[in-house]
Structures are given as C-alpha cells and as structure tokens.
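Okay, here's what each chain looks like letter by letter:
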Amino acid sequence: MDLTAAELLESLSVIHEINNDEIKALYLAAAEKLDLAAVDFLTIRDLLDISGYRDEALHALLICMFDLLDRGGICLSLESPLLEQKLSRFTQNAEVLASQIRKKISTWPELIQMIGTGEEARVDQELRPLVLLAEKGTLYFQKYHYSEQRVNSELIRLIKGPDLKKTGNQILISELYHVLVKNPLCFRGEPSVLNAGQTMAVLLPLLRKFVIVSGGPGTGKTSIVVNILRLFARMGIDPSHMMIAAPTGRAAQRLTESIRKGLGSLEIQEHVDSTLAGLDATTVHRLLKFSPSSNDFFYNRNNRLKADLIIIDEVSMVDVILLADLLSAVDDSTALVMLGDKNQLPSVEAGAVLADLMPEENMVTYSPEILSILDEVHPQAAARFREKIEPAENPFTDHFVILDQGYRSNKSITEAASRIIKQESLVVDDIPVIRKNAAIPEWGICLVGPGENDADTKKGLQALLEQWATVNFLPDDEKKSYKDLITQAGRYSTENFSDDEFVRLLREIYGYSENCRILSPVRKGESGTEHINRLMNRIMAGTASGANSPGGICPGQPVIITRNDYSQQLYNGDTGVVLRAADANFYAFFPSGSRFRFFPLIMVPASEPAWAITVHKSQGSEYDRVLLVLDEKSERLLTREIVYTAITRARSLAIIRSNKDTLLKAISSRMERESGISLSPLAY
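This report concerns the structure included in the present document.

Conventions we followed
Residues numbered from 1 in each chain as written. Predicted model: local features only at pLDDT ≥ 70, side-chain atom pairs only at ≥ 80, totals over all residues. Heavy atoms only, no water. Buried < 20%, exposed > 50% of the residue type's maximum accessible area, 1.4 Å probe, protein only. Helix = DSSP H or I, 4+ residues; strand = E, 2+ residues; numbered from the N terminus. Pairing = 2+ DSSP bridges. Core = buried A, V, L, I, M, F, W, Y, C linked by side-chain atoms within 4.5 Å. Contact = heavy atoms within 4.5 Å. Phe/Tyr/Trp six-rings, centres within 6.5 Å; stacked < 30°, edge-to-face > 60°. Lys NZ or Arg CZ within 6 Å of the ring centre and 35° of its normal. Axes fitted to C-alpha atoms, helices over the stretch in contact; angles between N-to-C directions. Salt bridge = Lys/Arg side-chain N within 4 Å of Asp/Glu carboxyl O.

Turning our attention to the pairing of strand β16 (residues 444–448). The two faces of the sheet receive side chains in turn, since in a regular strand these alternate between them. In terms of burial, β16 is a largely internal element, five of the five residues being buried. Every second residue of β16 is oriented toward a common face, with Gly444, Cys446 and Val448 on one face and Ile445 and Leu447 on the other, all of them buried. Pairing geometry for strand β15 (residues 433–434) and β16, over two bridges, is parallel. Following the sheet pairing, isoleucine 434 is matched in β16 by valine 448.

Turning to the nonpolar core, a few remarks are in order. Counting 143 residues, the largest nonpolar core has Tyr27, Leu61, Leu87, Leu176, Leu229 and Ile312 as its most contacted members. Examining the composition of this core, we find that ten residues originate from one element, helix α4 (residues 56–70), more than from any other.

This paragraph deals with the side chain of serine 527. Topologically, serine 527 is positioned in the loop between β17 (516–520) and α23 (529–541). Residue serine 527 is classed as buried on the basis of its relative accessible area, which comes to 5%. Apart from the residues within four sequence positions on either side, serine 527 is in contact with Ser520, Val522, Ile532, Val629, Leu630, Asp631 and Arg657.

This part takes up the packing of aromatic side chains. Tallying each qualifying case throughout the model produces 20 aromatic pairs. For the ring pair phenylalanine 473 and tryptophan 611, a centre distance of 5.3 Å and an interplane angle of 85° mean the geometry is edge-to-face. With phenylalanine 473 in helix α20 (residues 454–473) and tryptophan 611 in the loop between β22 (607–609) and β23 (612–614), the pair connects residues that are 138 residues apart, well separated along the chain. Residues phenylalanine 473 and tryptophan 611 agree in their burial class; the two are buried. Pairing tyrosine 482 with tryptophan 611 gives two aromatic rings, centres 6.4 Å apart and planes at 75°, and the pair type is edge-to-face. Of this pair, tyrosine 482 sits in helix α21 (residues 482–489) while tryptophan 611 is found in the loop between β22 and β23, placing the two residues 129 residues apart along the sequence. Grouping residues by exposure puts tyrosine 482 and tryptophan 611 together as buried. Through a chain of ring-to-ring contacts, the aromatic side chains of Tyr492, Phe497, Phe502, Tyr587, Phe589 and Phe598 assemble into a single cluster. Lying across the ring of tyrosine 571, arginine 286 places its NZ or CZ 3.5 Å from the centre.

This brings us to the sheet that holds strand β14 (residues 400–403). Judged by pairing direction, the sheet is parallel, and its six strands sit side by side in the order β9-β8-β12-β13-β7-β14 without closing on themselves. Of all the strands in the sheet, just β9 (282–283) and β14 have a single pairing partner and so form its edges. Bridge count for strand β7 (residues 210–215) against β14 is four bridges, and the pairing is parallel. Paired with serine 214 across the two strands is isoleucine 402, which belongs to β14. Helix-sheet contacts for helix α9 (residues 196–203) involve β7 and β14, and the interaxial angle to β14 is about 150°. Here helix α11 (residues 249–264) sits on the sheet in contact with β8 (242–246) and β9, set at roughly 130° to β8.

Looking now at the pattern of salt bridges. Counting across every chain of the model gives 32 salt bridges. Between glutamate 608 and arginine 523 there is a salt bridge, with the nearest N and O atoms lying 2.7 Å from each other. In this pair, glutamate 608 is assigned in strand β22 and arginine 523 in the loop between β17 and α23, connecting sequence segments 85 residues apart. Residue classification places arginine 523 among the partly exposed residues on the basis of a relative accessible area of 34%. Residues participating in the shared-partner salt-bridge network are Glu175, Arg230, Arg234, Glu270 and Asp273.

Our focus in this paragraph is the sheet that holds β22. If you trace the five strands from one edge of the open sheet to the other, you get β21-β20-β19-β18-β22, paired in antiparallel fashion. The sheet is open, and its two edges are formed by β21 (595–600) and β22, each paired on a single side. Ignoring strand direction, the axes of neighbouring strands in this sheet form an average angle of 35°. The pairing of strand β19 (residues 575–580) with strand β20 (residues 586–592) spans four bridges and is classified as antiparallel. The residue bridging leucine 579 from the neighbouring strand is tyrosine 587, located in β20.

Before going further, it helps to examine the environment of proline 129. Positionally, proline 129 belongs in the loop between β2 (112–115) and β3 (130–133). Overall, proline 129 belongs to the partly exposed group, its relative accessible area being 30%. Expressed as a C-alpha distance, the spacing of proline 129 and glutamine 113, which sit 16 residues apart in the sequence, is 7.8 Å. In this structure, proline 129 is in contact with Leu47, Glu110, Leu111, Tyr140, Phe141 and Gln142, ignoring residues within four places of it in sequence.

Let's shift gears to the pairing of strand β4 (residues 138–141). Burial along β4 is two-sided: Thr138 and Tyr140 facing one way and Leu139 and Phe141 facing the other are all buried. Two elements, strand β1 (residues 75–77) and β4, share three bridges in a ladder whose sense is antiparallel. Counterpart to cysteine 75 in the pairing with β4 is tyrosine 140. As paired strands, β3 and β4 are joined by four bridges and run antiparallel to one another. Across the sheet, leucine 132 pairs through a bridge with leucine 139, a residue of β4. Hairpin connection of β3 to β4: four residues between the antiparallel strands, including glycine 137 at a positive phi of 70°.

Structure follows, in structure tokens:
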C-alpha cells in the first residue's frame with residue numbers, strides 16, 4: 001500500500017521534529033509535487049542536522065537543489081526570475097523565499113562554500129557540501145562543481161595544446177583521396193560518396209587533436225569512424241594504439257559490428273584495412289578500467305591512456321562526472337574524436353555535455369589551412385564551407401562538425417523528427433492517425449489513440465500489443481516465425497550450444513528479437529515498461545514454445561542487463577535472449593563477436609525483460625520498427641527529446657501511441673539542464 005506524503009516523511013523522520021508549520025508544508029508539497037527519492041529527503045535532513053541551521057529559506061533551497069539534480073541539472077541560478085521559477089514547482093511562496101535565500105545565503109557557511117570573483121577552490125580549503133560561485137550567482141553540489149571545473153580545464157588543455165602533424169599535406173591529400181574516392185566504403189553494394197560535412201569530419205582529426213561531430217541518426221557517423229580509422233592506419237598508427245568506446249555495452253557492440261561491416265564492404269581488401277578488423281569497441285568504463293573495489297579508474301590524469309587515437313561514440317549519453325574522468329585520462333599527444341547527437345536525450349545522470357559543448361551553427365568555422373586541403377579532395381565541400389571562414393579569436397574553429405543530412409530512417413520519420421526538434425506544433429496534425437484495429441503499416445510514422453477512458457485505454461493497449469506481436473513475431477511466407485525458431489532451439493542441449501548450426505539459429509533468433517522494440521519514457525504505471533513486458537510475455541506465451549516459467553519468463557524473451565557485472569563481463573545495456581533448452585532449464589544468450597556466450601538464467605546479473613525498454617535505454621540502438629507508448633500522466637518526461645530520440649531509433653516504421661494533446665504537450669516541452677560547461681574561456 002502506497003504511503004501518503006505525510007506518512008512517508010514521518011516514516012523517514014524528516015518532519016517529526018519540525019515545529020514550524022510553514023516548513024512542514026514545504027516538505028509535504030515537495031513530496032506530493034516533485035519526484036524526489038526517500039534518500040533525497042534523508043540527505044536534506046542530515047545536512048540540516050549536521051549544520052544546525054533551521055531557516056525556512058534553507059529548507060526550500062535544499063529541496064530545490066535536489067529537485068534540480070533529479071532533473072539532470074548541475075547548478076542552480078539564484079538570479080531572478082530563475083530561482084522563483086524553480087521554487088514555484090512546490091511552493092506558492094516562491095518570491096518571498098527566493099528573496100530570503102539571496103539575503104541569507106552567506107550566513108550558512110557550514111553548508112555552503114563561497115568562491116568569489118576569479119577565485120578557485122583551494123586544495124587546503126575545507127570543503128563544504130555546496131559551492132556558490134558568487135560572481136555568477138550559481139550554486140552547485142561540491143562534486144558537480146569539481147567535475148565541471150575539471151571538464152573546462154581539460155578542454156582548454158586539449159584544444160590549446162599543439163596540433164597533430166602526422167605527415168605532410170600532400171601525402172595526407174593522397175591518402176584522403178585513396179580512402180574516400182579510389183577505394184571507398186560501399187553501401188548496399190554501391191560506393192559511398194561522402195557529403196561535405198562527412199568529409200570535413202574525416203579530415204579534421206588528422207590535423208586537430210580534439211574534434212566533436214554532432215548529427216542525427218543516419219547522418220553517417222559510423223562511416224566517419226571507419227574512414228578515420230583507415231586514415232590513421234595509413235598514417236602509420238598501429239591499431240593497438242587506436243581505442244574506440246561508447247557509454248553502454250549495447251552501443252559499443254553496435255559500433256563494433258558497424259566497423260566490421262564497413263570494412264567488409266570494401267571492393268578492394270587491402271592489408272592495411274584488414275589490420276583494423278580486430279578492433280573492438282568497449283564501454284568508457286572498461287576503457288578507463290574501472291575498479292569496483294576502489295571505486296576509481298586505473299587510467300586518470302596521473303596515468304593517461306597510451307593511445308594515438310581515441311574515438312567516443314554516443315557522447316550525449318555521457319554524464320559530466322564521467323566526461324571529466326575521460327578527458328583527464330587523454331594524453332596531450334592523443335587525437336580525441338567524440339560523436340553524438342546534440343538533440344538526443346542527455347545522460348540519465350547529471351549534465352547534458354554534448355548540447356553544452358556544441359556551439360551554434362554560425363560559430364562552427366574552418367581555417368584556410370583546412371579548407372585548402374579539403375579543396376583538393378572535395379571541392380564542392382570546400383566551397384560550401386568557405387563562407388564559414390574563421391573570425392578572429394574563435395575557439396570553435398576546426399574543432400566541430402554538424403551533420404545535417406540523414407540517410408537511415410524512412411523519409412517521413414526523418415522529416416517528422418526534424419520538425420519535432422524545431423517544436424513545430426503543426427507536425428502533430430500531419431502525422432497520420434490509425435483507427436482502432438486498423439492494420440499496422442509497413443513503413444512511415446503514424447499515431448494510434450489510447451482510447452476515451454481508462455477501460456478503453458487498457459483494452460486498447462492489450463489489443464495493440466497483440467497486433468504488434470502478430471506482425472513482428474508470427475510467420476509470413478518468406479521466413480520461419482519466432483515460434484518456429486525458439487521451438488527448434490528448445491531441442492538443443494548445453495553440449496551443443498557451441499555448434500555452428502546452433503550458433504546460426506541463435507543469430508536468427510537474436511536478429512528477430514532485435515528487429516523491433518517497444519519504448520516508453522517510464523518504467524512504472526499502465527504505460528510503463530514493466531507492465532508492457534508482463535503483457536508481452538503473456539501474449540507471447542501463446543505463440544512461444546512451452547508455458548511460462550514460474551517467474552513469468554517466456555522462451556524467446558529479449559533481456560537487457562541493468563547493472564554492470566565485471567566478473568561475468570556483462571554490462572549495463574547489453575542485450576540477449578532467453579531460451580529453454582532440452583533439459584527444460586532457461587538460459588540467457590548474449591552475442592560476443594561472431595559467437596554467443598550463455599549463462600543459466602539464475603546466474604545472469606541484474607536484468608529485465610526487453611520487449612519494451614525505456615527511451616533512455618534505447619539510445620545507441622536502432623530497430624526496423626519502433627512503438628512509442630506515451631502517457632499524459634508522465635508529464636515530467638513528456639519532452640521533445642523523448643519523442644525525437646524514440647522515433648529516430650526506427651529505420652522504417654515509428655508508431656506513437658498517444659492522443660494529439662499529449663503528443664503536442666511533449667513536443668512543446670524542452671528538456672533544459674543548467675550547467676556552467678563552456679568553451680568560451682578559450683577565446684581569451
């Protein structure tokens with residue numbers, strides 16, 4: 001039984017000793033209106049107990065800070081009207097409290113460390129839980145201020161250091177021409193011709209040691225990665241000195257697969273390219289060698305990575321603390337290339353680092369040196385960028401590329417995604433609506449209404465999921481159904497799990513399970529992933545081999561790891577599939593290179609079914625078909641970034657289950673995260 005706000009706060013001993021009715025009202029309102037966890041209220045209580053302060057304004061400020069952190073922000077502005085807006089989320093007395101906070105904040109030194117104009121936090125200075133930058137009027141939790149400082153200082157180190165010069169320009173131009181024109185990657189059997197932005201993104205890392213590339217899905221970021229690797233190999237860099245990583249295991253796995261697919265597409269298989277075939281992308285945590293016992297990384301500012309090239313994909317998923325650790329471990333002589341989509345959802349943890357780092361498009365400029373080299377290989381690209389010639393003292397020159405041409409998703413999905421990011425409200429009316437029980441289209445983007453009331457909504461979701469299962473997992477005239485494949489797999493015993501025949505079958509099953517995905521912004525509730533996964537297991541139990549296990553497991557159920565397990569080398573975001581073997585036991589199979597690793601289901605670390613996953617967990621993945629389930633009750637997570645990220649996971653079909661009002665509310669809302677990360681100091 002759920003506790004009321006008052007019962008929760010009483011049970012946590014948060015308000016039982018508070019005699020001030022106004023302060024009690026603050027906590028009750030915060031518990032009802034905000035999404036703070038119990039540990040947040042306990043931490044606020046402990047901070048106040050330790051410091052001995054009892055001001056109502058301080059209670060309000062700490063609630064505000066934890067709410068900010070819960071929403072992914074790094075720092076709180078004390079300026080008007082920003083502070084009032086944050087306080088008004090849980091109190092009607094926002095203006096009075098904001099005024100009191102500004103007046104009294106210097107009187108709470110046991111909790112708040114003041115840093116004045118031009119000052120840095122001194123090593124010998126006693127640290128406090130919070131830090132106030134007096135000049136900017138921004139308040140941080142200590143660890144986020146420290147991480148942000150590290151990010152800014154490491155960026156200055158990397159960008160202001162000496163540029164790379166691995167060879168003469170004429171040799172560089174010759175190798176560029178060879179890789180991009182004479183023996184290019186192929187796409188669907190045809191030579192791939194890079195556009196202007198893609199060519200610039202391949203060129204810059206050869207001469208500049210810090211480059212960020214931002215582009216939406218299907219804009220060619222993976223092709224850029226492969227071509228950069230090919231060129232560095234031709235510059236004499238051994239593949240063992242090239243490192244590739246992504247934030248999650250799934251994203252790293254996909255990157256590895258894409259690199260091998262790209263290399264395999266070459267019409268002329270040259271030895272220098274074949275040396276790259278053994279490169280495996282890893283997670284950022286594995287790259288830096290995280291030690292659970294010390295809760296720290298082996299590679300750091302005092303022991304930097306020994307690499308000539310480091311490529312990090314899906315940077316939008318990296319939080320500010322991890323970015324600080326990563327940048328600190330990059331050596332002065334290393335070329336660092338980071339790729340991602342600045343419009344995509346930011347990390348689950350605090351910060352929106354890619355969006356913070358990417359300048360406005362009019363600030364993305366290039367030097368005459370870069371343009372003269374580009375002119376030799378791609379004259380049209382050079383001509384396009386000539387208008388972006390560097391202005392004086394522009395720190396962004398030669399370090400950033402914005403990709404704006406997408407090739408992966410169906411055109412209607414790409415166009416809708418572009419309009420959603422621009423927050424064009426009319427896009428809602430232009431997305432076709434599918435009537436109840438109508439056939440699911442094969443491609444495009446469409447809207448399915450949830451129903452007029454709760455009963456209709458529940459029945460409608462069940463019916464839609466049954467239709468989804470039928471379309472995606474039942475047989476057609478061309479291939480075996482999912483049921484047929486997992487029935488066949490159930491005839492194999494553990495001693496046969498390494499047989500080539502079984503591995504081929506596993507590839508087909510895994511490919512089937514990864515071809516489509518249901519997405520939701522939330523885990524809980526009628527539209528959450530937990531409920532949808534239960535419904536899908538019941539639905540698929542009727543089409544799958546054998547009945548559900550006592551734990552509700554369905555043979556053929558996709559599974560996703562939710563917590564790193566270093567001993568078994570299974571990491572958050574890794575996906576696999578659960579099958580029942582001939583011995584009637586369940587096993588989970590996870591891809592590993594061209595083979596699969598298997599574990600008895602009881603030995604698998606923290607995991608959950610993956611018929612449906614959260615939109616956050618879908619980042620770094622792509623599917624042929626996506627079903628996005630929105631719920632007007634999940635107001636906090638109804639944002640344009642949620643919708644954009646979800647539908648751009650789809651290659652051919654994106655279905656949005658939502659009424660128009662809810663979708664419009666989501667598109668009209670932006671996810672804003674306050675931070676002080678900036679490259680502007682580089683201009684001085």
